[in-house]
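Letter by letter, the chains look like this.
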Amino acid sequence: MVGIVGYGAYLPRYRIKAEVIARQWGADPEAVTRGLQLYEKTVPGQDEDTITISVEATKNALRRAQIDPKEIGAVYIGSESHPYAVKPSATILIDALGIGPHVHVASYEFACKAGTEAMYVAYSHVKSGEMNYALGVGADTSQGAPGDALEYSASAGGAAFIMGRDKVVAEILHTHSYTSDTPDFWRREGEDYPRHGGRFTGDPAYFKHIMGAATALLEKARMSPKDFRFAVFHMPNGKFPMEVGKRLGFTKEQIETGWLVPWMGNTYSGSSPTALTAVLDVARPGDLIFMVSFGSGAGSDGFIFRVTDEIKNVQDRAPRVRQMLEEKKIYLNYGEYAKFRRKIKLNE
Amino acid sequence: MRDVAVIGTGMTKFGELWGRSIKDIFVEAAERAIEDAGVDHVDSLYVGSMSPGLFVGQEHLGAVMADYLGVNPIPATRVESACASGGAAFRQAFLEVASGASDIVLAGGVEKMTDGADVIDVLATAADQEYEVYHGITFPGLYALIAKAHMHQYGTTREQLAAVAVKNHRNGAKNPNAQFRSEVTLEQVMGSTMVADPLRLLDCSPVSDGAAAVVVASLDVAKKLNKSFARVIASAQASDTIALHSRQSLTTLNAVVNAAQKAYKMANIKPADINLVEVHDCFTIAEIVVSEDLGFFEKGKGGEAAAQGLTSIDCGRIPFNTSGGLKAKGHPVGATGIAQIIEVYEQLTAKAGSRQVKNARRGMAQNMGGSGASCVIHILEAQ
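Here the structure is a predicted model, which means the values were calculated and not measured.

Next up on the list: the overall build of chain A. When its secondary structure is counted, chain A shows 13 helices and 14 strands. Taking the principal axes of the C-alpha coordinates as reference, chain A spans close to 55 × 45 × 40 Å. Partitioning the contacts of chain A with sequence separation of at least 6, the portion at a separation of at least 24 is 78%.

This is the structure in structure tokens:
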């Protein structure tokens, strides 16, 4: 049996409300919260970045897996906000957590699905028998241009998954990926903020790729939506995951456990992975979980998980993601937010 | 001048046609029109398009479309008059046939607006760059000024503006080629996102891709084909100051008034002789002002008429925008003027389905550019 042996999430404590951003730009706060179903989002602290978020999430995954970090044979971090353009993020993580140096590391980028790519490759290494454990992380401190629609959603957070074959808490039964060249969202080298095709990011991008991966995955597994207790889809806003779930035949009840986005925002590479941790936090042995990510550009990775008896042993070993989302929040005004996100130019 | 008839029409669905290029959609509309007309050739081609260079980086549209349509070596010319490009292209085709220079001419219109260009900036090139755009105003702003002045001068209300959108969406819901086939309520229009006070999102026509084409021919050719056709009984065009602020009045569009007078004179009819009108409702206020300037309602009463339902298909005095108008059908700017002709043709040949106006004998198409600096009007009559 191959699957997740330890998982963990991390969300920064800072928040900004969508209505604060809307008022800053003269937009109608109610139209934003109603239209996008976004109420607030996480903001990284001034000393936080994709690497610190990955380290925190991985610490929680190690607390649950209770394995020797040295046994991890590969570490992959998926993000669109790696702090360095040239220099791997995972080298800092392995040294911080005592993994390696006998380890293979890489940084992945594929807009919002880099996290599930990291999970997919980590899983494949273990499945092939190449190594006992491999770590896949999805984390971001995502960028939204001031005044752009993305500013309401682009948030910070991540999740880490240790794949292994002993004491598996969620077995991976099937995977399927669906990819095409669809430029709905991009950021060129040297640009501060991504650009996007507005409504083009919807039907031809998000919906087409998630539906493409999901339909093939269900066929491959010979399963139907009603077989699953939970479903997780990439969450660029509150509306899309509910809508794509509905189109595929999933119910609101199956989706809402992982539906963190209205209060978390879009953690990009950490979006569907973080949602998966929210589901694992409350899952019971035997539960089936359906998950499909989405990354602009564009592609989707789909997974089917079956939760095992081990889940009961690990759930309490580290903080649950809903707890991080709901407790100890610190709200920022727009000025503080602009400072935290380094949107203010200083005379350095 | 010889008598001229519309003998065939074709158009694409309007909307976000992301899977197809400007060439694809024009060729689709043109082929349908030629097939519908049942002709084996056309003598020349006019392509109405406002800004293909800025929208998709392609100029020289006459030659491009003649090539992809496979009609070389006939003459092919692009006609541009901002949002009135389609109407102006149709007028060139009409004049070419009326003059006797050609017997059968294809007039098409096309715009591909959703391929990534900054639409607001491109459309603003139809206003005065030095005196209007330089100061930051865009078309919603210019039409908002007209709306504010109309409200101030004549007591036109927010509800009356909304009534135009509600009616056009109701009509668009019945048009299979419309971009928006959903009805909206007065409350939805008045509660939609503010764009430029008093105009809200649902007062504005959308950004669209689309193409439309018609075949015009001499009456002799039309009769020989033994098919339903509609005669063009008036073609008129007029111009006004490019900048809104240069006008004596913000609430009268002189190009519309002048083109209408010429059209009525040419057809030798009065507004009361017309059974339906397609007008350029780029914003709800435009339909109200134009309905007055065309002589259908007294100056200042256009809003009231819309709110009373006098412009709806069934209970109305004179149905306006049975197609859904620019508001609901969509507004791929260069295609709009041709699509208006198509709606009038379908009504006069009893092909408008659930939108059909009973006993439609004469129909008008009014197409304008910018804030009314150019206006093209055609009147068609059933055979």
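After that view, the rundown keeps rolling.
This next bit is on the overall build of chain B. In terms of helices and strands, chain B carries 14 helices and 11 strands. Taking 2.2 N^0.38 as the reference for a compact globule, 383 residues should give roughly 21 Å; the C-alpha atoms of chain B span a radius of gyration of 19 Å, in line with that estimate. When contacts within chain B are restricted to residue pairs at least 6 apart in sequence, those whose partners lie at least 24 apart make up 77%.

A cis amide bond, omega 5°, links G100 of chain A with the succeeding residue P101 of chain A. The residue P101 of chain A is located in the loop between α4 (90-97) and β5 (104-108) in this model. One non-glycine residue with positive phi stands out, namely R222 of chain A, at about 50°. By the secondary structure assignment, R222 of chain A is in the loop between α6 (202-221) and β11 (230-233). Residue class for R222 of chain A comes out exposed when judged on the 8 C-beta atoms lying within 10 Å of it. Positioned with a positive phi, A82 of chain B is a non-glycine residue whose angle comes to about 50°.

We now examine the interface of chain A and chain B. If you look at the interface, chain A gives 6 residues, while chain B gives 4 residues. Looking at side-chain class alone, the side of chain A that touches chain B contains 3 nonpolar, 1 polar and 2 charged residues.

On to the sheet that holds strand β3 (residues 40-43) of chain A, then. All names here are of chain A. The sheet built from 3 strands is open, its strands ordered β3-β2-β14 with mixed pairing. One side of each edge strand has no neighbouring strand; the edge strands of this open sheet are β3 and β14 (330-331). Looking at chain direction, strand β2 (residues 14-17) and β14 are connected through 2 bridges and run parallel. Its bridge partner being in β14, Y14 is matched across the sheet by I330.

Glancing now at the domain arrangement of chain A. Residue and element names in this part refer to chain A. Domain assignment breaks chain A into domain 1 (3-169 + 318-340) and domain 2 (172-307). Look at where the C-alpha atoms of domain 1 and domain 2 centre, and you get two points 16 Å apart. At the interface, 46 residues of domain 1 touch 42 residues of domain 2. At the level of elements, β1 (3-10), β3, α5 (114-128), β6 (133-141), β7 (156-164) and α12 (321-326) are the ones that each hand at least two residues to the side of domain 1 that touches domain 2. Residue contributions to the side of domain 1 that touches domain 2 peak at 7 residues, all from α5. Split by residue class, the side of domain 1 that touches domain 2 holds 22 nonpolar, 16 polar and 8 charged.

The next thing to look at is the sheet that holds β5 of chain A. Residue and element names in this part refer to chain A. Taken in spatial order, the 9 strands of this open sheet run β5-β4-β6-β7-β1-β8-β13-β12-β11, and their pairing is mixed. In this open sheet, the two edge strands, each paired with only one partner strand, are β5 and β11. If you compare each strand with its neighbour and ignore which way they point, the axes differ by 20° on average. Packing of helix α3 (residues 50-65) onto the sheet brings it into contact with β1, β4 (72-78), β6 and β7, and relative to β1 it is tilted by some 135°.

What follows is about α5 of chain A. Two residues of an α-helix separated by three or four positions point the same way, owing to the 3.6 residues in each turn. Residues and elements named next belong to chain A. If you check α5, its first and last C-alpha atoms are 21 Å apart, about what 15 residues at 1.5 Å a residue would give, namely 21 Å. Of all 15 residues in α5, 11 are buried; the element is thus mostly enclosed. All buried positions along α5 are accounted for by A114, G115, T116, E117, A118, M119, Y120, A122, Y123, H125 and V126.

A word on the pairing of strand β13 (residues 297-307) of chain A. All names here are of chain A. Of all 11 residues in β13, 10 are buried, a share of seventy percent or more. Where strand β8 (residues 170-182) and β13 come together, 10 bridges link them in antiparallel fashion. Pairing of S177 across the sheet is with D301, part of β13. Pairing geometry for strand β12 (residues 288-292) and β13, over 5 bridges, is antiparallel. If you follow F290 over to β13, its bridge partner there is I304. Where β12 folds back on β13, the antiparallel hairpin that results is connected by 4 residues.

So, on to the nonpolar core. V6, A107, V214, V215, V216 and I338 of chain B are the most contacted members of the largest nonpolar core, which totals 126 residues. Counting the residues that make up this core, at least three belong to each of domain 1 (4-118 + 207-230) and domain 2 (119-205 + 232-382) of chain B. Beyond its immediate sequence surroundings of up to four residues, V214 of chain B is in contact with V6, G8, T9, A33, F90, A107, I338, I341 and I342 of chain B. Counting residues in hydrophobic clusters, the runner-up holds 104 residues, among them I4, V75, I77 and A159 of chain A.

With that out of the way, let us pick up the domain arrangement of chain B. All names here are of chain B. Looking at chain B, the domain boundaries give domain 1 (4-118 + 207-230) and domain 2 (119-205 + 232-382). Placing a centre on the C-alpha atoms of domain 1 and another on those of domain 2 gives a separation of 22 Å. Taken together, the contact pairs 44 residues of domain 1 with 42 residues of domain 2. Those elements giving two or more residues to the side of domain 1 that touches domain 2 turn out to be β1 (4-11), α2 (52-56), α4 (85-98), β4 (104-112) and β7 (209-218). Take the side of domain 1 that touches domain 2: its biggest share by element is 8 residues, from α4. Here the side of domain 1 that touches domain 2 is composed, by residue class, of 25 nonpolar, 14 polar and 5 charged.

Another point: α4 of chain B. Residues and elements named next belong to chain B. Here α4 spans 20 Å end to end across 14 residues, near enough to the 20 Å set by a 1.5 Å rise per residue. Counting buried residues along α4, 11 of its 14 residues qualify, which places the element largely inside the surrounding structure. Looking at α4, one finds that the buried residues are S85, G86, G87, A88, A89, F90, R91, A93, F94, E96 and V97. One or two positions beyond α4, positive phi appears at G100, with a value near 90°.

The share of residues in chain B with pLDDT of 70 or more is 100%, and the mean pLDDT across the chain is 97. Overall fold confidence for the complex sits at a pTM of 0.87, while the interface term, ipTM, reaches 0.75.

Another aspect to go through is the environment of L150 of chain A. Residues and elements named next belong to chain A. Topologically, L150 is positioned in the loop between β6 and β7. Residue L150 is classed as buried on the basis of its 21 C-beta neighbours within 10 Å. With 87 residues separating them along the chain, L150 and N237 place their C-alpha atoms 9.4 Å apart. Among all residues touching L150, those that are not within four sequence positions of it are G144, A145 and H196.

Helix packing for two helices is described by the angle between their axes and how far apart those axes are. All names here are of chain B. It is at 8 Å that the axes of helix α7 (residues 158-172) and helix α11 (residues 284-293) come closest, and there the two elements cross at 100°. Judged by the angle between their axes, α7 and α11 are roughly perpendicular. For the pair α7 and α11, the contacting residues are L161, V164 and A165 in the first and T284, I285, E287 and I288 in the second. Split by residue class, the contact of α7 with α11 holds 5 nonpolar, 1 polar and 1 charged.

The rules behind each value
- Residues numbered from 1 in each chain as written.
- Chains lettered and ligands numbered in written order.
- Predicted model: local features only at pLDDT ≥ 70, side-chain atom pairs only at ≥ 80, totals over all residues.
- Helix = DSSP H or I, 4+ residues; strand = E, 2+ residues; numbered from the N terminus.
- Contact = placed C-beta atoms within 7 Å.
- Rg over C-alpha atoms; globule rule 2.2 N^0.38 Å.
- Buried ≥ 20, exposed ≤ 12 C-beta atoms within 10 Å, placed from the backbone.
- Nonpolar A, V, L, I, M, F, W, Y, C, P; charged D, E, K, R; others polar.
- Pairing = 2+ DSSP bridges.
- Domains from an automatic or database assignment.
- Axes fitted to C-alpha atoms, helices over the stretch in contact; angles between N-to-C directions.
- Expected span 1.5 Å × (residues − 1).
- Core = buried A, V, L, I, M, F, W, Y, C linked by C-beta atoms within 7 Å.
- pLDDT = per-residue confidence, 0-100.
- Parallel < 35°, antiparallel > 145°, perpendicular 65-115°, else oblique.

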